[in-house]
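The residues making up each chain are set out below.
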Amino acid sequence: MMDTVKRIFNILPVRAALICVLAFFIVFSCPLMPMQEVYAGKSPALSFDRVTVRVGQVHRIRIKNIFEDQIKSMTVESDDPNILSVSHEKKPMLTIRGNIAYEHATVKAQIVTKYNIAGRDKFDFSLNVFVYTDRELAEEGSAGRAPDYSKKSDWLYLPKKANKPVDTFFIYSTQYDNEDADAPDLAPMDDISHRLGAQGVFRGQAPLFKGVTNVYAPYYRQTNMKKYSEMSPDQVMKYQRHEQKLDICRALDYYFEHYNNGRPFIIFGHSQGAMMTLVVLEDYMKRHPEYYRRMLAAYAIGFSVTKTDLACYPYLRFAQGARDTGVVVSWNTEGKKNHDQSNFVVAPVGSIAINPINWKRDETYAPASENLGSRVRDPITGVYSIRKRWGDARVDLDRGVVVTRTKFSPNTKKYLYGTASYHSKDIALYYMNLRKNIRDRIRAYRKSHRNATAASIADFKHLDMLNRMIIPHIDTSVTAESDGSTVSR
């Protein structure tokens, strides 16, 4: 018997046919895996309540005994809006995508049928989704180790004493710019150029808020600059919701659990830091309204906040002036010549900006004489100082940017930002106005929260003295521009 089977198997056409059958099975079964099934029964809840999916993996859950022609409607919602899609072409099916960084999310679904099935015409159920984010899922070297925020070495900055009444959670801009062909798309946590760049840009921007807030700044596996040349703003925001988001969200978890102690806080980020600030506002704060209620302001500078963002996340409010709190503050800076050019950080439609000199949303012109001072580097000595009249500002409502005439040179990465972008100077150009605005919003927050303790209110008294200081202390030993270039003296 076995000899007969072997002789048949050795016939070439037979072997070819068996291989084709096997290949057919692999090709057409793989898209259905992993797959789990649940049954709609007499109970109002379906019998399945847990699914585990890996990053980058698609997981399908099929409702076994409800068919397409029986469905009147099918709706799905989640506390993370990026976790799933839903389809029911042949049978009702949930498609859960592990393309986000949360380790756990809840999915709620409802199916309404055209007529009763098992005595019911409405089926509600929820799924607890667990997303694996272990490092074996990333390509070797593409992301490196995950940070451990219980270790001080994975924080860019932690205050020695949290003796201020307000915190700042600082997310630095792109400081990893490795153009090597085999360079990873994400900065390895222990890459020295990445860390030095982050330290440099922090030293340059810390005087904005360090004197009046406790500052917390984590290292994170940010996106390599070269990766952005391949993506649109929408694609970027999807891409930032992977390891980058995982790191920032874990840092926030640790910060709120161990450091914040119930204080109001500011979120501050420029460029990629602004992208991650938006991710925090749209995803993390939606899951944590108890934290969001204490947010004094979010400065997301150097990446577009859009009308679509505000429509999709109606709890977000864009700043209307210089002293409103609980708001998002944002702008991108360009010259007139950039009006019809593509700028990677400016959304093609619906971008919103506020004037960083007069803090108005309309097109009211703010002359350079009202600019309190720009942070300017001497090309010979490398020393930074505050200079007056280095730029004016006017909001272009059509494009949703701040238009300026300035002594600064345009950004050098013209393939990303256009020929007249001042992306790397978004903060430096309006440095002292921004510094004053942070203090103004803190003062306004105090007035609107008079239930604060007497001790906390007393702590604010030093703001008046600090605000009268015209030029802050600036460490000029190492600095980094916002576009990722590092300058050493």
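Structural notes, computed from the coordinates.

Definitions and cut-offs
Here the residue numbering is sequential within each chain, running from 1 through the sequence in written order. For a predicted model such as this one, the threshold for reporting local features is a pLDDT of at least 70, and the threshold for listing and counting side-chain atom pairs is 80 or more; totals across whole chains, interfaces and linings nevertheless cover every residue. Excluded from the side-chain calculation are hydrogens and water; included are all heavy atoms of the structure. The term nonpolar core refers to a set of buried residues drawn from Ala, Val, Leu, Ile, Met, Phe, Trp, Tyr and Cys, joined through side-chain atoms within 4.5 Å. Throughout this description, buried means an accessible area under 20% of the type-specific maximum (1.4 Å probe, protein chains only), exposed means over 50%, and partly exposed covers the range between. Elements are defined by DSSP. Helices are runs of H or I of four residues or more, strands are runs of E of two residues or more, and each kind is numbered from the N terminus. Should DSSP find at least two bridges between two strands, the strands are taken to pair. Helix axes are fitted to C-alpha atoms over the stretch in contact, other axes to C-alpha atoms as well, and angles between N-to-C directions run from 0 to 180 degrees. Contacts are assigned to residue pairs with any non-hydrogen atoms lying within 4.5 Å of each other. Here the angle decides the label: under 35 degrees means roughly parallel, over 145 means roughly antiparallel, 65 to 115 means roughly perpendicular, and every other value means oblique. By definition, turning the near helix anticlockwise from the far helix through less than a right angle yields a left-handed crossing, and turning it clockwise yields a right-handed one. By the convention adopted, Pro, Cys, Tyr, Trp, Phe, Met, Ile, Leu, Val and Ala count as nonpolar, Lys, Arg, Asp and Glu as charged, and the other residues, Gly among them, as polar.

1. Some remarks on the nonpolar core
Of all hydrophobic cores here, the largest spans 99 residues; its most connected members are Phe268, Trp331 and Leu434. When residues in this core are grouped by element, the largest group, nine residues, is from helix H6 (residues 272–287). Grouped together as the second largest cluster of nonpolar side chains are 14 residues, Ile61, Leu94, Ile111 and Phe125 included.

2. Points about the sheet that holds strand E13 (residues 295–301)
Strands belonging to one sheet form pairs held by backbone hydrogen bonds; the direction of such a pair is parallel or antiparallel. Taking strand neighbours across the sheet as the criterion, the six strands line up as E9-E11-E10-E12-E13-E15 in an open arrangement whose pairing is mixed. Edge positions in the open sheet fall to strand E9 (155–157) and strand E15 (327–329), since each of these has one partner strand only. Neighbour-to-neighbour, the strand axes of this sheet turn through a mean angle of 20°, independent of strand direction. Bridge count between strand E12 (residues 265–270) and E13: six bridges; the pairing is parallel. Bridge pairing in E13 places His270 opposite Ile301. Sheet contacts for helix H3 (residues 192–205): E9, strand E10 (167–171), strand E11 (214–218) and E12; angle to E9, the most-contacted strand, approximately 30°.

3. Points about the packing of helix H5 (residues 243–258) against H6
At a minimum axis distance of 10 Å, the contact between H5 and H6 shows a crossing angle of 65°. Judged by the angle between their axes, H5 and H6 are roughly perpendicular. Pair H5 / H6 crosses with right-handed handedness. Residue-level contacts link Gln244, Lys245, Ile248, Cys249, Leu252, Asp253 and Phe256 of H5 to Met276, Val279, Val280, Asp283, Tyr284 and Met285 of H6. Classifying every residue of the contact of H5 with H6 gives nine nonpolar, one polar and three charged.

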